[in-house]
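Below are the chains, spelled out letter by letter.
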Number of protein chains: 2
Amino acid sequence: MATQTPSDKKTPPDKKAAPDSTRRSERSRHAIYDAALSLVGEIGYPRTTIEGIAARAGVGKQTIYRWWGSKAEVLLEAFLDLGEQAARDAGGTDVYALPDTGDLAADLKHVLRLTVDQLTDPRFEAPSRALAAEGVVNEQVGRKFTEQLLMPNLRLYVDRVRAAQEAGQVRQEIDPRIALELWVSPLAQRWLQFTGPISYEYTDTLVDYALYGIAPR
Amino acid sequence: MATQTPSDKKTPPDKKAAPDSTRRSERSRHAIYDAALSLVGEIGYPRTTIEGIAARAGVGKQTIYRWWGSKAEVLLEAFLDLGEQAARDAGGTDVYALPDTGDLAADLKHVLRLTVDQLTDPRFEAPSRALAAEGVVNEQVGRKFTEQLLMPNLRLYVDRVRAAQEAGQVRQEIDPRIALELWVSPLAQRWLQFTGPISYEYTDTLVDYALYGIAPR
């Protein structure tokens with residue numbers, strides 16, 4: 001499948017990049033991301049190879065090996081880039097931002113609605129499912145992608161819950177790392193296991209239940 | 001891989017079963033369950049075939065086709081049987097029972113501790129992961145197994161939360177179907193995505209947070 005293209009020879013790895021070659025590199029980089037995401041969504045993680053990504057992106061496989069050490073690393077960066085794109089499309093300036101308006105419920109509902117949009121975005125869905133499926137059966141892949149793609153988002157929730165604790169809106173004895181799972185995990189399970197429909201109303205409800213509990217107050 | 005064994009010829013499908021052949025059928029049935037679960041755990045759902053299951057179980061593939069229409073159906077029943085076995089091993093008499101002692105928190109904690117045991121049971125783990133992974137990328141398989149293996153358990157939680165509502169221990173406006181996700185989904189996500197360790201202390205904490213919420217009371 002993979003072929004060396006002439007462009008490989010024109011852009012040796014150690015050559016200092018001129019503006020033109022930087023643009024060319026950026027184009028290649030995005031072609032590689034697109035190829036990696038579409039391929040993994042179509043044929044799954046195990047059958048996706050560097051050679052296959054190179055062939056679909058129209059680059060030589062050495063172009064990929066110059067920048068990344070493995071298909072896992074290519075995919076990791078492709079997902080990070082996709083997340084940044086999605087955040088820009090949603091009008092956000094900083095992908096790793098969680099608002100603090102002082103109203104914890106409103107802030108959580110806002111971010112979860114963006115997550116609902118992302119989970120149902122067709123650019124995101126097939127490749128994300130392929131990667132998630134591999135992570136379920138391949139602990140090394142699962143831990144790597146959880147650590148690099150999921151945990152940065154979870155840490156934002158930890159910070160936001162801590163701020164709410166300081167503001168007296170969350171009980172002091174609550175562990176923020178567990179608390180966030182009350183709204184993150186139900187949405188994740190519905191998406192992963194088709195256990196129920198996903199909607200803004202649903203995620204709003206999760207936030208209310210998590211904050212106030214199901215027992216009478 | 002698959003071979004017709006002489007025993008197929010001795011047990012035609014329409015012959016009325018005598019006690020001996022019933023015992024023989026039971027043995028075959030359990031050999032098929034064991035083969036299906038071990039095989040799917042080793043090579044994954046897509047590569048598991050009726051022929052492969054038959055070869056490993058030491059039966060002819062017609063023996064399998066006599067009882068089941070597809071590998072999905074074999075696996076479904078194998079999992080149901082495994083769940084029943086695990087419940088018996090845990091000293092339970094009824095696999096589909098959720099206690100109602102009048103103390104909702106205690107009852108939920110009790111059942112979740114059994115779930116922790118099951119999720120970390122090696123007989124269960126590899127085949128369950130293989131099936132869950134396939135369900136993430138194959139919506140038809142995902143929905144089938146969620147409906148037949150997961151939903152019966154979720155419905156027990158719905159019933160238990162409804163009883164608690166009648167007893168005034170859960171607010172009337174709470175949707176039990178969503179409420180149960182506050183403790184079921186975090187545990188599921190930690191198991192599926194390696195997002196954190198699984199322990200009794202953790203599931204106890206989930207129940208407390210779900211009942212009383214994270215906001216001050």
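Note that this is a predicted model, so its numbers are computed, not measured.

> I'd like to hear about the pattern of salt bridges, residue by residue, with values.
Pairing between side chains of opposite charge can happen when their charged atoms approach one another. Applying the stated criterion across every chain yields a total of 30 salt bridges over all chains. Note that Glu51(B) is salt-bridged to Lys61(B), the shortest N-O span being 3.2 Å. Taken together, the residues span a long stretch of sequence, with Glu51(B) in helix α3 (residues 50-57) and Lys61(B) in helix α4 (residues 61-67) at a distance of 10 residues. Note that Glu181(B) and Arg177(B) form a salt bridge whose closest N and O atoms lie 3.0 Å from each other. When its relative accessible area of 2% is taken as the criterion, Glu181(B) is described as buried. In the salt-bridge network here, residues are joined through shared partners; they are Glu26(A), Arg29(A) and Glu77(A).

> Any chance you could break down the environment of Lys109(A) for me, citing the residues and the numbers?
By the secondary structure assignment, Lys109(A) is in helix α6 (residues 104-119). Taking the C-alpha atoms as reference points, Lys109(A) and Thr203(A), separated by 94 residues in sequence, lie 6.7 Å from one another.

> Tell me about the interface of chain A and chain B, and please be specific about residues and values.
Tallying the contact residues gives 48 residues for chain A and 48 residues for chain B. Where chain A abuts chain B, roughly 4,600 Å² becomes buried across the two surfaces, and 63% of that area is made up of carbon and sulfur atoms. The residue Arg190(A) makes a salt bridge to Glu181(B) at a minimum N-O spacing of 2.6 Å. Between the two partners, chain A and chain B, sit 32 residue pairs in polar contact (both at pLDDT 80 or more). Those elements that provide at least two residues to the side of chain A that touches chain B are α7 (122-137), α8 (139-166), α9 (176-179), α10 (181-193) and α11 (200-212) of chain A. In terms of residues, the side of chain A that touches chain B owes the most to one element, α10(A), which gives 11 residues. The residue inventory of the side of chain A that touches chain B, partitioned by class, reads 27 nonpolar, 11 polar and 10 charged.

> Quick rundown of the packing of aromatic side chains? Include the residues and the values.
Inspection of the entire model under this criterion finds 8 aromatic pairs over all chains. Their ring planes at 80° and their centres at 5.7 Å tell us that Trp67(A) and Trp68(A) sit as a pair that is edge-to-face. Judged by its relative accessible area of 27%, Trp67(A) falls in the partly exposed class. The rings of Tyr33(A), Trp67(A) and Trp68(A) are connected pair by pair, giving a single aromatic cluster. Here Arg29(A) stacks its cationic end above the ring of Trp67(A), 4.8 Å away from the centre of that ring. The ring of Trp191(B) has Arg129(B) sitting right over it, with the charged end atom 4.3 Å from the ring centre.

> Give me the environment of Ala97(A): which residues, what numbers.
Among the structural elements, Ala97(A) can be located in the loop between α5 (71-89) and α6. Sequence-wise, Ala97(A) and Ala87(A) are 10 residues apart; in three dimensions their C-alpha atoms are separated by 9.9 Å.

> Would you mind going over the relation of the copies chain A and chain B in detail, with residue names and values included?
Note on the identical chains: chain A maps onto chain B by a rotation of 180° and an axial translation of 0.0 Å, with an RMSD of 0.0 Å. Each copy turns onto its partner about a two-fold axis. No C-alpha of chain A approaches the rotation axis more nearly than that of Gly213(A), which lies at 1.8 Å. Take the interface residues of chain A: 100% of them recur as interface residues in chain B, which is what a same-surface contact looks like.

> Go over unusual backbone geometry with me, naming the residues and quoting the values.
All names here are of chain A. One non-glycine residue, Phe194, adopts positive backbone phi at about 55°. Mapped onto the elements, Phe194 comes out in the loop between α10 and α11. Look at Phe194 and you get buried, because its relative accessible area is 12%.

> Residues and numbers for the UniProt feature "DNA-binding region" (unreviewed entry) in chain A, please.
Residues annotated in UniProt with the feature "DNA-binding region" (unreviewed entry) correspond here to residues 49-68 of chain A. A distance of 13 Å separates the end C-alpha atoms of residues 49-68 of chain A, which is 75% helix and 0% strand.

> Let's hear about the nonpolar core: which residues, and what values?
Grouped together as the largest cluster of nonpolar side chains are 128 residues, with contacts concentrated most on Trp183(A) and Trp183(B). Contacts of Trp183(A), omitting those with residues within four sequence positions, involve Leu108(A), Leu112(A), Tyr157(A), Val161(A), Leu206(A), Val207(A), Ala210(A) and Ile214(B).

Analysis parameters
- Residues numbered from 1 in each chain as written.
- Chains lettered and ligands numbered in written order.
- Predicted model: local features only at pLDDT ≥ 70, side-chain atom pairs only at ≥ 80, totals over all residues.
- Heavy atoms only, no water.
- Salt bridge = Lys/Arg side-chain N within 4 Å of Asp/Glu carboxyl O.
- Helix = DSSP H or I, 4+ residues; strand = E, 2+ residues; numbered from the N terminus.
- Buried < 20%, exposed > 50% of the residue type's maximum accessible area, 1.4 Å probe, protein only.
- Contact = heavy atoms within 4.5 Å.
- Buried area = accessible area lost by both parts, 1.4 Å probe.
- Polar contact = N/O pair within 3.5 Å; in protein donor to acceptor, adjacent residues only side chain to side chain.
- Nonpolar A, V, L, I, M, F, W, Y, C, P; charged D, E, K, R; others polar.
- Phe/Tyr/Trp six-rings, centres within 6.5 Å; stacked < 30°, edge-to-face > 60°.
- Lys NZ or Arg CZ within 6 Å of the ring centre and 35° of its normal.
- Least-squares fit on C-alpha atoms with pLDDT ≥ 70 in both.
- UniProt positions renumbered as here; feature names shortened; annotations may be inferred.
- Core = buried A, V, L, I, M, F, W, Y, C linked by side-chain atoms within 4.5 Å.

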